[in-house]
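# Notes for the structure review
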Amino acid sequence: MRILHLLASPFFSGPAENVALLALAQREAGHEVTVAVDRRRKDVPAEEPAVPRFRELGLLDEGGLELSVKSPPWSMWRDLRQLKARKLDVVHSHFSHDHLLARWGRPRGAVLVRSLHAPRSLRASLPAADAYTVPASVLLPRLREKGRTAEVLPALVDPRFHLADDRQALRSELGLTGAPLLGMVSTFQPSRRHAVGVEAFALYRRERPQARLVLVGDGALLEATRRQVDQLGLSDAVTFAGYQQGEAFARWLRALDEVWLLGLGNDWSARAAAQARACGVRVVAVEEGALPDLADARVASPTPAAVVAAALSGQCAPVAHPSNARIAGAVLELYERVRQAR
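The structure displayed is predicted, hence computed values, not measured ones.

## Observations regarding unusual backbone geometry
In this structure, the amide linkage connecting Ala 179 to the following residue, Pro 180, adopts the cis form with an omega of -5 degrees. Here Pro 180 is to be found in the loop between helix 6 (167–174) and strand 7 (181–185). Within the chain, Leu 67 stands out as a residue other than glycine whose phi angle is a positive 50 degrees. With respect to the helices, strands and loops of the structure, Leu 67 is situated in the loop between helix 2 (50–56) and helix 3 (73–84). For Leu 67, a relative accessible area of 0% gives the class buried. Here the phi dihedral of Ala 270 falls at roughly 60 degrees; this positive angle occurs in a residue that is not glycine. On the basis of relative accessible area, Ala 270 is assigned to the buried category, the value being 3%.

What follows is the structure, given as structure tokens:
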């Protein structure tokens, strides 16, 4: 099949990595796959740009689409005409801008599949498509009850996320001490509940005084979190690792004993939880998105006491997360099913 993914973003963050891994797995299955991204916004100093990464992977679409929410109307019209002239079997859209473009510029004979990456995209104005994917099973009924074909698209995991060859040696290289080694790996924003995590860690240390907390990431609430750590007298027990990406991020994750995921952002597939499990790291998580399916211990309510109770419970869940090839195969089957149904 000739497959075009539409991803109207200039950033290699949020759903972008999942889209890249899905496209790679589809290509490895023998299909012709490219990914079109936002080519208008080139100045993205705060995040990793998408164009170089997709080009490096050999996935970047060069069909001339600007694909930007910042495009003027005449550029959007040009995108619509260029898309309509393409010879494709599948257009797989990932953001609202993509979906509107594909809805009206779908090439003749192509099926349109829309991936919803967060619940806010499930609204009454959702444009029609042949099929949809959602990041968590909890969202399926909202589409199926309206008679729409929908399946779950789980988080795909890059091969760099694997068990540490020597976790103790890795910790020494990173300058980490303490046990157990806990972590939070997300952007410092309200939805990720770092304040709850730091307060929970203060309580946790009463039971495990040698524990250390590693905070990986950056964001608007970073300095507020630093102040909270200082006020609670935890400065000697908390490491701020900063923003990490690629292999560097995987190394920090592999060094941990346990990760606390206390909220989700733009991607409800809970990719960080799947990555942690691939690294052999225990997952303690709130019940949001796909987190319940990937957690060893669930946090019933996002309070410090509930986090500590889950962390100290010792629960370990035998989760068998599907491989990238299996996930891609299921999506390809969805494409074929809706193609046959047309």
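Still more ground to cover, so stick around.
## Brief notes about helix 7 (residues 194–207)
Side chains three or four residues apart in an α-helix point the same way, a direct result of the helix having 3.6 residues per turn. Taking 1.5 Å per residue as the helical rise, helix 7 with its 14 residues ought to reach 20 Å, and the 20 Å between its terminal C-alpha atoms agrees with that figure. Taken as a whole, helix 7 has its buried residues at His 194, Val 196, Gly 197, Val 198, Ala 200, Phe 201 and Tyr 204.

## Considering the pairing of strand 11 (residues 282–286)
Within a regular strand, side chains alternate between the sheet's two faces. Taking burial as the measure, the five residues of strand 11 include five buried ones, the bulk of the element. Every second residue of strand 11 is oriented toward a common face, with Arg 282, Val 284 and Val 286 on one face and Val 283 and Ala 285 on the other, all of them buried. Where strand 10 (residues 258–261) and strand 11 come together, four bridges link them in parallel fashion. Paired with Val 259 across the two strands is Val 283, which belongs to strand 11. Considered for its hand, the β-α-β crossover made up of strand 10, helix 10 (residues 271–278) and strand 11 is right-handed. Taken together, the three bridges between strand 11 and strand 12 (residues 297–299) define a ladder with parallel strand orientation. Considered in strand 12, the bridge of Val 284 is made with Ala 297.

## A few points about the pattern of salt bridges
Scanning the model with the defined rule gives 23 salt bridges in all. Across the pair Glu 66 and Arg 40 runs a salt bridge, and its minimum N-O distance is 3.5 Å. Of the two residues, Glu 66 sits in the loop between helix 2 and helix 3 while Arg 40 sits in the loop between strand 2 (32–37) and helix 2, which places them 26 residues apart along the sequence. On the accessibility criterion, Glu 66 (15% relative accessible area) is buried. The class of Arg 40 is partly exposed, set by a relative accessible area of 38%. Arg 339 is the salt-bridge partner of Asp 89, the closest N and O atoms lying 3.8 Å from each other. On the criterion of sequence distance, the pair formed by Asp 89 in the loop between helix 3 and strand 3 (90–93) and Arg 339 in helix 13 (residues 324–341) is long-range, its members being 250 residues apart. Beyond isolated ion pairs, a larger network of salt bridges with shared partners links Arg 2, Asp 89, Glu 336 and Arg 339.

## Some remarks on the pairing of strand 8 (residues 212–216)
Counting buried positions over the five residues of strand 8 gives five, a clear majority of the element. Across the two faces of strand 8 the burial is the same, with Arg 212, Val 214 and Val 216 and Leu 213 and Leu 215 all buried. Of the pairings in the sheet, the one linking strand 7 to strand 8 comprises five bridges and is parallel in character. The residue of strand 8 that forms the bridge with Val 185 is Val 216. For the crossover from strand 7 across helix 7 to strand 8, the handedness is right-handed. Alignment of strand 8 against strand 9 (residues 238–242), held across four bridges, turns out to be parallel. Paired with Val 216 across the strands is Gly 242, a residue of strand 9. As a crossover connection, the stretch from strand 8 through helix 8 (residues 222–231) into strand 9 is right-handed.

## Remarks on helix 6
Along helix 6, the residues that are buried comprise Leu 170, Arg 171 and Leu 174. The buried residues of helix 6 occupy an angular sector of 100 degrees when projected down its axis, which confines them to one face. Along helix 6, the residues that are exposed and aim more than 90 degrees away from the buried face are Ser 172 and Glu 173. Looking at the buried residues of helix 6, the elements they touch are strand 7 and helix 9 (246–254).

## Here we look at the environment of Gln 168
Looking at where Gln 168 falls in the secondary structure, it is placed in helix 6. Given a relative accessible area of 49%, Gln 168 falls into the partly exposed group. In sequence terms Gln 168 and Leu 256 are 88 residues apart; their C-alpha atoms lie 10.0 Å from each other.

## Details of the environment of Gly 14
For Gly 14, the position within the fold is in the loop between strand 1 (2–7) and helix 1 (16–28). A relative accessible area of 21% places Gly 14 in the partly exposed class. Discounting residues that sit within four places of it in the chain, Gly 14 has contacts with Asp 267 and Arg 271.

About the cut-offs
All residue numbers refer to position in the chain's written sequence, counted from 1. Two thresholds apply to this predicted model, a pLDDT of at least 70 for residue-level local features and 80 or more for giving and counting side-chain atom pairs, whereas whole-chain, interface and lining totals are computed over all residues. Based on all heavy atoms of the structure, the side-chain values leave hydrogens and waters out of the count. Secondary structure follows DSSP: runs of H or I at least 4 residues long count as helices, runs of E at least 2 residues long count as strands, and numbering of each begins at the N terminus. We call a residue buried when its accessible area falls under 20% of the maximum for its residue type, exposed when it is over 50%, and partly exposed in between, using a 1.4 Å probe and counting protein chains only. How far a helix is expected to stretch is found by multiplying one less than its residue total by 1.5 Å. At least two DSSP bridges between two strands are required for those strands to pair. Throughout, right-handed denotes a crossover for which the path from the first strand over the helix to the second runs clockwise when the strands point away from the viewer. Throughout this description, the term salt bridge denotes a Lys or Arg side-chain nitrogen within 4 Å of a carboxyl oxygen of Asp or Glu. What the arc describes is the spread of directions from the helix axis to the C-beta atoms. The contact criterion used is simple: two residues touch if any of their non-hydrogen atoms lie within 4.5 Å.

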